[in-house]
Amino acid sequence: MYWQAIIPLWVVLFPIFMTPAIFILSKRSEKLRDGLSVLTAVITFFSVASLYPFVMEGKTIEYTLFQILPELGVTVRIDILSFCLAILSSFVWMMATIYSLDYMKPEHGKNRYYPVLIFTLGATLGIFFAGDFFTLYVFFELMSLVSYVLVIHEETPTALKAGYKYLIMTIIGGLALFFAIIATFELAGSVSLSKGVLVSKPSTLAFFAFVCYLIGFGMKAGMFPLHVWLPEAHPVAPSPASALLSGIMLKTGAYGMLRVLFYVFNIEVVQSARWDLLVAVLAVITILLGSAVALTQFDLKRRLAYSSIGQMGYVLLGMILFTEQGLVGDIFHIFSHAFMKSTLFLAAGAIIWKTGLRNINDLAGIGRKMPFTMGAFTIAALAMIGIPPLNGFLSKWTLSLGALEAGLPIYVVILLISSLLNGLYYLPIIIAAFFGGEEQEHAHGEAQHVEAGINLRGEATAKMVIPMVILGLGCFFLGLFPSNIAYELSLKAAVFLFRGGM
Amino acid sequence: MNLNYEHLPVIIVALLLLAAFLEPIVYRHKKSWAAPLVIASMAFFALSSLYLMAAVNYHGPFNYYLGGWAPPFGIELEIDYLAVFLLLTFSVIGLIAIVYGLQDLKHGLKDEVLGWYFTLYLLLMASMAGISVTNDLFNMYVFVEISAISACAIISIKESRECIEASLKYLILSTLGSGCILLATAMLYMITGHLNIGYLNDVLPRVMSHYPNNILISLGFFVVGYGVKAALFPLHVWLPDAHTAAPSPSSAVLSGLVIKVYAAAFLKVFLKAYPREIFLEIPVMEIVLFLSVLAILYGSIVAMVQEDIKKMLAYSSIAQIGYVFLGFSLMGQRAVAGGLLHIFNHAMMKSMLFLAAGIIIYSTGIRRIRDMKGLGVKLPLTMGAFTIGALSMVGIPGTNGFISKWQLALGALDLGRPIIVVVILLSSLLNCLYYMPIVINAFFGVKGEPELEIGKVPGVMLYSILFLGFGIIFFGIYPAPLLAFLQKTVTAIL
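Values in this document were obtained by computation on a predicted structure and should not be read as measured data.

Before going further, it helps to examine the overall build of chain B. Counting secondary structure elements, chain B contains 20 helices and two strands. Across the 494 residues of chain B, 63% fall into the buried class. Of the contacts made within chain B by residues no fewer than 6 positions apart, 81% connect residues no fewer than 24 positions apart. Across chain B, the 28 positively charged side chains and the 25 negatively charged ones have centroids separated by 6 Å.

Written out as structure tokens, the structure reads:
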């Protein structure tokens with residue numbers, strides 16, 4: 001057995017066991033709590049990273065931990081797709097945890113926030129390293145339920161209402177997944193990811209299983225029409241948690257769908273039964289809906305939330321194209337969007353933290369007061385629109401190539417339309433932030449130094465700015481050089497899935 | 001380990017009965033011995049059940065003739081896998097409930113009746129043990145009657161107006177049920193001349209065709225009789241009042257154990273006495289299946305609108321017993337195993353929830369769900385355990401509730417009835433809708449709420465629910481041996 005086999009256990013159990021430790025020690029010292037949280041996130045990231053050479057060689061590991069029910073157990077799997085998402089999640093998590101240190105200073109409930117944050121990290125990694133759908137389901141539910149505490153952190157009536165909607169939809173999605181998994185078990189005798197395609201004949205039960213998988217994972221990914229929880233849950237959470245919710249936890253739904261499309265069913269089944277049409281229609285609606293409604297939102301975080309819905313539509317679309325380029329674009333977009341959206345949410349958080357302003361109309365001139373924050377925001381926003389040479393452009397380009405490969409140029413048109421819409425709702429923010437608001441500054445009663453130069457007194461603290469800037473620069477570098485690590489991983493993962501994923 | 005354990009079942013029942021009769025005397029003359037006597041008897045019950053389970057698991061089931069008299073004239077006890085499973089469930093949960101009750105009852109009951117409570121409790125336990133092991137229909141009826149009366153009495157013992165009203169309702173309906181059971185037994189005796197389940201199973205196929213009406217009536221009366229007692233929809237009407245008004249340990253035992261013993265008796269009679277062919281001709285099981293689906297939906301929906309926490313838990317029990325009957329009426333291997341598993345799991349879950357509600361009422365006096373804001377801060381362990389119970393009722397993986405639902409769903413799919421799975425999942429969603437708000441209100445959103453008066457929670461009460469909570473998670477992660485045992489049980493029955 002390779003020594004790497006122990007890594008999934010470590011990266012899942014270490015955060016989970018650190019959670020009570022952090023909680024207990026938080027009563028003693030705040031610094032200890034903060035330090036331990038960051039340490040846990042960092043160690044987890046590097047542990048996941050240690051798998052890199054192993055997966056780059058194309059090797060996979062799968063093994064059973066123990067049996068729960070007959071023919072059903074907890075299994076572990078490491079393959080390139082797991083690695084892609086795990087490394088992405090742990091990296092963004094690390095950044096968000098460092099960011100939280102200063103962001104959460106004025107907040108209450110920190111003793112609850114940090115343990116839950118770290119626990120959710122462990123649970124999320126458990127999803128990616130699961131070797132069968134049952135294990136995946138267990139960690140999926142665990143992650144969803146525990147992140148509820150993050151969503152309702154503020155405990156205001158709005159937060160509680162949003163959290164309740166999130167909870168109910170999570171349970172609905174979870175129950176749909178339960179049906180799907182049990183139907184798969186009934187049809188195939190197993191739900192393991194190591195047995196190749198499980199259901200090769202489309203039947204009524206198989207169709208219902210497919211729909212339920214779509215409901216379960218799609219609800220998590222913010223697919224229309226199950227996206228209704230997203231625009232309320234993401235804005236109401238503390239910003240680092242929003243970054244993680246939008247940046248990473250949505251991707252678990254996408255990951256689940258990828259596994260379903262390649263390990264439960266396969267391309268022939270889905271295309272022959274024309275189920276891909278259903279997914280494609282929903283994906284297109286999601287893309288257009290997300291982008292269009294974002295235009296009508298004036299709360300910054302709500303606009304970002306609707307933007308996430310639109311972007312996850314891209315991911316769904318890329319999956320269902322079933323071409324190699326499409327898949328590369330899909331997985332690369334998972335990387336890109338995670339970087340872009342977390343940067344955007346962290347930047348939005350910094351703005352709210354420093355100035356208390358959430359409404360887009362009030363953000364004029366903020367770029368001059370918070371240059372680094374808005375700089376990162378700008379890079380990420382331009383990437384979302386799809387401006388070269390940023391990573392958003394690269395993913396849209398690859399997705400378009402995939403659409404053309406599938407002989408469906410209509411999707412290219414859809415991508416262009418939504419890019420236009422993205423531009424329509426991001427550019428005004430950026431322009432106003434840097435070039436607007438001189439009149440407002442004179443009108444405000446606060447002490448504002450109307451200097452021509454850049455003023456760093458209004459900027460957020462270093463611990464908040466640095467993660468933001470790192471992620472923003474990530475958007476830049478992961479798009480600038482065509483052979484960058486994210487693109488390499490996506491390429492390998494797509495090829496791997498296409499070859500059968502064993 | 002070659003002790004002659006074959007007498008053990010009789011000893012259990014006899015000892016419980018003896019202790020039941022001794023209790024009032026002890027309570028009158030040496031009050032301090034009353035509680036230890038109950039605990040000792042229940043502990044003996046639990047330990048011997050455990051031993052019996054190990055013995056039957058290792059050596060196989062055995063039959064015992066009471067007094068050495070062989071059937072068809074003597075009473076036979078069949079100690080098979082089902083019997084030891086039921087014995088273990090009843091004894092362990094019963095022990096935990098009465099340990100809890102030591103403190104709670106002093107608070108709720110008048111001083112002079114406490115001894116009587118112990119008597120009734122022991123009688124109830126004795127009769128449940130008797131129903132589990134007996135293989136004779138009339139013997140079963142006798143124990144059913146004993147349990148009916150003791151169950152009614154442990155409700156009314158609180159002597160408040162609502163208790164007496166609830167227990168009277170229960171008594172009347174329960175007596176009707178017993179009457180039905182007696183008539184059904186008489187019907188079967190009339191046509192076969194046998195009361196022994198084994199003998200009935202042999203003879204019935206031969207006489208079936210001659211007396212179709214008798215069989216039909218007996219089936220109907222059994223369904224109604226056991227249905228009323230097990231609170232199967234639509235014969236459940238006595239349950240909400242009864243379980244709400246009773247003292248908490250009684251509620252726990254009533255919801256968790258008593259209604260289950262009748263479901264188990266139903267299983268014994270229908271799947272062991274009657275031959276399987278009958279169900280092909282007479283769709284009794286289809287009817288029961290339909291009623292159980294209605295029970296599941298009705299119980300979950302009505303629970304959502306309840307204000308009193310114990311009433312909500314009572315309606316939830318109506319839904320959960322629906323699951324048990326669902327599993328039994330499907331008659332597939334996995335389905336029946338799922339039903340039996342749910343007897344065990346729900347006993348754990350519902351007892352814990354009722355006992356936790358009892359702690360809340362004991363320390364704060366609050367019964368209305370609306371008033372329970374912020375309790376999690378004051379009673380963290382209690383509400384933590386309640387949360388585990390709630391998650392288990394919803395069916396979150398990692399809890400034993402999930403395992404029962406999985407098993408039942410698989411059982412339903414095995415028989416090609418995916419709609420049942422949808423019903424199970426729908427009820428899980430409904431469960432979430434009424435359990436989660438309690439949990440959320442307890443822990444979150446507490447700023448600016450008035451301070452609650454919290455009395456100290458006695459250790460025994462807390463430890464009992466924590467033990468059950470631990471059990472819920474343990475059997476959620478490690479149900480394998482239990483499932484293997486149930487597999488053997490079901491194979492023997494079907």
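Let us keep going from here.
This part takes up the interface of chain A and chain B. Tallying the contact residues gives 33 residues for chain A and 35 residues for chain B. Summing both sides of the interface, chain A and chain B together bury roughly 2,800 Å²; the carbon and sulfur share of this comes to 82%. At the junction of chain A with chain B, the criterion picks out zero salt bridges. The interface formed by chain A and chain B includes zero residue pairs in polar contact (both at pLDDT 80 or more). Mapped onto the side of chain A that touches chain B, the elements with two or more residues apiece are β1 (61–69), α6 (133–151) and α7 (157–188) of chain A. The element contributing the most residues to the side of chain A that touches chain B is α7(A), with 14 residues. Looking at side-chain class alone, the side of chain A that touches chain B contains 26 nonpolar, one polar and six charged residues.

With that out of the way, let us pick up the packing of helix α17 (residues 400–414) of chain B against helix α18 (residues 418–443) of chain B. Residues and elements named next belong to chain B. Where α17 contacts α18, the two axes come as close as 7 Å, and the packing angle between them is 155°. Taken together, the axes of α17 and α18 lie roughly antiparallel to each other. Both α17 and α18 take part in a crossing whose hand is right-handed. Residue-level contacts link K405, L408, A409, A412 and L413 of α17 to P418, I420, V421, I424, S428 and N431 of α18.

For any two helices packed against each other, one specifies the inter-axial angle together with the distance between the axes. Residues and elements named next belong to chain A. For the pair helix α4 (residues 80–103) and helix α14 (residues 324–355), the least separation of the axes is 11 Å and the interaxial angle reads 5°. If you check the angle between α4 and α14, you find them roughly parallel. Touching L81, C84, L85, I87, L88, F91, V92, Y99, D102 and Y103 of α4 are I331, I334, F335, A338, F339, S342, L346, G349, A350 and W353, all from α14. Here the residues of the contact of α4 with α14 are counted per class, giving 17 nonpolar, two polar and one charged.

The full count for this structure, using the stated rule, is 54 aromatic pairs over all chains. Seen in terms of ring centroids, A:F477 and A:F481 are 6.3 Å apart; in terms of plane orientation they differ by 15°. Their pairing is stacked. Overall, A:F481 belongs to the partly exposed group, its relative accessible area being 45%. Between B:F222 and B:F270 the ring centres are 6.4 Å apart and the planes differ by 75°, which places this aromatic pair in the edge-to-face class.

All names here are of chain A. In a regular helix each residue adds 1.5 Å, so 21 residues correspond to 30 Å; helix α1 (residues 6–26) covers 29 Å between its end C-alpha atoms and thus fits that length. Of all the bends in α1, the largest measures some 25° and sits at T19, one to four residues before the proline P20. Turning to α1, the residues buried within the fold contact α2 (30–49), β2 (72–78), α5 (110–128) and α6.

Time to look at empty space enclosed by the protein. Residues and elements named next belong to chain A. In total, this model carries two cavities of 30 Å³ or more according to the counting rule given. In this model, the largest cavity occupies a volume close to 50 Å³. Mapped onto the lining of the largest cavity, the elements with two or more residues apiece are α6 and α7. Residue contributions to the lining of the largest cavity peak at three residues, all from α7.

Core analysis: the biggest nonpolar cluster contains 405 residues, and A:F265 and B:W406 have the highest contact counts within it. Sequence-distant contacts of B:W406, that is, excluding residues within four places in its chain, are made with A:L69, A:L72, A:F134, A:F178, A:I181, A:I182 and A:F185.

Residue and element names in this part refer to chain B. Only one face of strand β1 (residues 62–65) is covered, namely the one carrying F62 and Y64; the face carrying N63 and Y65 has none of its residues buried. In this sheet, strand β2 (residues 76–79) lies alongside β1 in antiparallel orientation, the contact comprising four bridges. Paired with Y65 across the bridge in β2 is E76.

Cut-offs used in this document
- Residues numbered from 1 in each chain as written.
- Chains lettered and ligands numbered in written order.
- Predicted model: local features only at pLDDT ≥ 70, side-chain atom pairs only at ≥ 80, totals over all residues.
- Heavy atoms only, no water.
- Helix = DSSP H or I, 4+ residues; strand = E, 2+ residues; numbered from the N terminus.
- Buried < 20%, exposed > 50% of the residue type's maximum accessible area, 1.4 Å probe, protein only.
- Contact = heavy atoms within 4.5 Å.
- Lys, Arg positive; Asp, Glu negative; His and termini not counted.
- Charge placed at Lys NZ, Arg CZ, Asp CG, Glu CD.
- Buried area = accessible area lost by both parts, 1.4 Å probe.
- Salt bridge = Lys/Arg side-chain N within 4 Å of Asp/Glu carboxyl O.
- Polar contact = N/O pair within 3.5 Å; in protein donor to acceptor, adjacent residues only side chain to side chain.
- Nonpolar A, V, L, I, M, F, W, Y, C, P; charged D, E, K, R; others polar.
- Axes fitted to C-alpha atoms, helices over the stretch in contact; angles between N-to-C directions.
- Parallel < 35°, antiparallel > 145°, perpendicular 65-115°, else oblique.
- Left-handed = near helix turned anticlockwise from the far one by under 90°.
- Phe/Tyr/Trp six-rings, centres within 6.5 Å; stacked < 30°, edge-to-face > 60°.
- Expected span 1.5 Å × (residues − 1).
- Bend = angle between axes of the 7 residues up to and from the residue.
- 1 Å grid on protein atoms, 1.4 Å probe; cavity = no way out; pocket = protein on both sides within 12 Å on 5 of 7 lines; lining within 4 Å.
- Points joined across faces, edges and corners; volume = space filled by probe spheres on them.
- Core = buried A, V, L, I, M, F, W, Y, C linked by side-chain atoms within 4.5 Å.
- Pairing = 2+ DSSP bridges.

Nothing here speaks to function; it is all geometry.
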